[in-house]
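# Chains, contacts and geometry: an overview
Here's the letter readout for the chains.
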2 protein chains.
Amino acid sequence: MKRIALYHLETLTWIARLGTFQAAAERLHTTQPAISARVREVEDQLGIALFRREGRRMVLTARGRLLIDSCEPLWTGLEQALLDISDFAGASGMIRIGSGEIAAASCLPAFIQAVERDMPGVSMEVELDLTARMLQLLLTGARDLVFLAGPVASPNIRTQPIGALHLAWVAGRAVAQAGGFARPLPVWSLPDPSPIHGAMRDALAQQGVAARSINSCNNVRTLVEIVANGGGAAVLPETMVRGEIASGRLVEILPRPDRMLHFEAAIRAREQEPLVLELFRRTAGLQIDPG
Amino acid sequence: MKRIALYHLETLTWIARLGTFQAAAERLHTTQPAISARVREVEDQLGIALFRREGRRMVLTARGRLLIDSCEPLWTGLEQALLDISDFAGASGMIRIGSGEIAAASCLPAFIQAVERDMPGVSMEVELDLTARMLQLLLTGARDLVFLAGPVASPNIRTQPIGALHLAWVAGRAVAQAGGFARPLPVWSLPDPSPIHGAMRDALAQQGVAARSINSCNNVRTLVEIVANGGGAAVLPETMVRGEIASGRLVEILPRPDRMLHFEAAIRAREQEPLVLELFRRTAGLQIDPG
DNA sequence: TATTTATGATAAGAGATGATTATGAAACGG
DNA sequence: CCGTTTCATAATCATCTCTTATCATAAATA
């Protein structure tokens, strides 16, 4: 029995949470036979059955449920203690990070570098998508930690501000030389639920300029290219277009909006895993330079 | 880090308690290189040093001490939970049992059989010695659970009654036919600190008989042989000499003393190990037949 | 009902892990 | 200076654990 390790308990917990061996295998980045074997190991060590076949699924027996319930807090505490004393240098596992594209450009590289430096055993799986979809993935458990722009408020999500960026109105050189917003211009931004979209509408209203049309593209780099090639104007984080402005491909055509783009890190409000909680805590140290 | 198992924590704990890898190896019934390897495994998994060389010993680093202190209660709790849900069927390890010789004859076989039936993973190391020495071994940690005769009271020891046996005055057939205690007889018993010795003195006083001499032998079976061969009289548990009485080798030469021989199980008052505590709890069910 | 899909079990082979024995190096004690 | 104690290291072996591939069964679907 002494051979039961932390990963055995972790495995049982994820089977209980997800309902199938297969799902637990995917969550733990291993194979289904490995999960079966781990369960069998624990059952053999304890001499009792933890799961019972039911249809094509496995369900916890009464004792299995008892084991999960009584061990989970102890396991979590033990893992926490082990991680604490090693300053998380001993952390291992896969953390699934989600990010909006703008947040990715601003926050992700520094964060990933810090994790790789301080927690060599942790691997990361990064997925970029729109903020709205990111939150969905976070709530369903497909992501553990997401970075996103704009304020998010939900009772099921815990957020933390990690900095803000100045915005700038930019257009291609030709458009700028033609007078910029002297005449209504096509305006490009990310699709509607995006915070950049909201910032763009606010800026239009605040600065009293007219858009000839509102267009969207779900990829910021492509959006920059469209604007740089004369497609119109866009509101973008200044740091993301600083290079293009310096090189003259893009020109700032209006004063910078007062409103800044605020970034946040988010996790599930009910998150228990020490590693995720610690990484969330560490996002506070990112300190984005507003540009 | 997820590969850290219960036996890793157990190993660290015993090193901390005993001070050397070698001692921990002996306590855990393995070899010293195995202990070194376990320590190295934990250190590698956590990425920190737990021990520092000091002379020819290894001492805990600050973090090592922190780890032991913070993990030990969690580890104990986890082990307890795992054992509880399996009704201790998953228990494993070595339990060191001590016993006085009389207690061994009365209690040990049933107890050992019960442990082997209910906890197939547990192995036992039994040592017989005098009661006084047994208590010493218990307090120094050389034994985990001892069976002994006679009431024992010590703040450092926790005891539990497990039954009592009637005593009988016996002598060899020849001595009995010569009148028994009509004349003072040589009396044989265990050495002085033994409870049988006390019972013998009480019985002498209570029944108003005189001993020609008080002799002792530290081995009950030998003592029986001495008495059976005409060496004198002895006070012994009736069940231990029932066979000899039936066969006529020994004869009861006085009424049975009122005082019975009480047996107790004992563990250290500060005992923490779930397995030892459980075995101690189960000694209550031994129910010695008083004969 | 027949077919497809989902879920686990099982087997074989490779690699990692952990234990043992034997031996070496360093510190301590006389 | 020599013997003892303590831990490290190396070689070897057994066991454990993972992966891949395949099979069996149950549920869903056509």
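Residues numbered from 1 in each chain as written. Chains lettered and ligands numbered in written order. Predicted model: local features only at pLDDT ≥ 70, side-chain atom pairs only at ≥ 80, totals over all residues. Heavy atoms only, no water.

An unreviewed UniProt entry lists chain A under the name LysR family transcriptional regulator, from Sphingobium cyanobacteriorum. Word for word, the UniProt comment on chain A under Sequence similarities (unreviewed entry) is "Belongs to the LysR transcriptional regulatory family." (UniProt positions renumbered as here; feature names shortened; annotations may be inferred.)

### Remarks on the protein's contact with DNA strand D
As a matter of local geometry, DNA strand D sits amid 19 residues, with Thr30 and Glu41 of chain A together with Gln22, Gln32 and Ser36 of chain B nearest to it. Restricting attention to atoms of DNA strand D within 4 Å of the protein, one finds that 69% of them are sugar or phosphate atoms. Between a phosphate oxygen of DNA strand D and a side-chain N or O atom of Tyr7 of chain A, the distance comes to 3.5 Å. A distance of 2.9 Å separates a phosphate oxygen of DNA strand D from a polar side-chain atom of Glu41 of chain A. Within the residue set of the surface near DNA strand D, elements represented by two or more residues are helix H3 (32-46) of chain A together with helix H2 (21-27) and helix H3 (32-46) of chain B. The class makeup of the residues in the surface near DNA strand D is six nonpolar, seven polar and six charged. (Near = heavy atom within 4 Å. Polar contact = N/O pair within 3.5 Å; in protein donor to acceptor, adjacent residues only side chain to side chain. Helix = DSSP H or I, 4+ residues; strand = E, 2+ residues; numbered from the N terminus. Nonpolar A, V, L, I, M, F, W, Y, C, P; charged D, E, K, R; others polar.)

### Regarding the UniProt feature "domain: HTH lysR-type" (unreviewed entry) in chain A
UniProt records the feature "domain: HTH lysR-type" (unreviewed entry) for residues 1-61 of chain A in the present numbering. What you have in residues 1-61 of chain A is 57% helix and 13% strand, and the ends, taken at the C-alpha atoms, are 19 Å apart.

### Looking at the protein's contact with DNA strand C
Close to DNA strand C lie 20 residues; Thr20, Phe21 and Ser36 of chain A together with Thr30 and Thr31 of chain B are nearest. The sugar-phosphate backbone supplies 71% of the atoms of DNA strand C found within 4 Å of the protein. Within the side chain of Ser36 of chain A, one N or O atom sits 2.5 Å away from a phosphate oxygen of DNA strand C. Within the side chain of Arg53 of chain A, a nitrogen or oxygen atom sits 3.1 Å from a sugar or linking oxygen of DNA strand C. Mapped onto the surface near DNA strand C, the elements with two or more residues apiece are helix H2 (21-27) and H3 of chain A together with H3 of chain B.

### Topic: the pairing of strand S9 (residues 211-216) of chain A
All names here are of chain A. Bridge count for strand S8 (residues 185-189) against S9 is five bridges, and the pairing is parallel. Note on S9: the bridge partner recorded for Ser189 is Ser216. At this point the chain moves from S8, through helix H9 (residues 195-207), to the parallel S9, and the crossover so formed is right-handed. (Pairing = 2+ DSSP bridges. Right-handed = clockwise from strand over helix to strand, strands pointing away.)

### A short note on the environment of Ala228 of chain A
All names here are of chain A. In this structure, Ala228 sits in helix H10 (residues 220-231). Judged by its relative accessible area of 14%, Ala228 is buried. With 152 residues separating them in the primary sequence, Ala228 and Thr76 have C-alpha atoms 51 Å apart. Those residues within four positions of Ala228 in sequence are excluded, and the remaining contacts are Gly172, Arg249 and Leu250. (Buried < 20%, exposed > 50% of the residue type's maximum accessible area, 1.4 Å probe, protein only. Contact = heavy atoms within 4.5 Å.)

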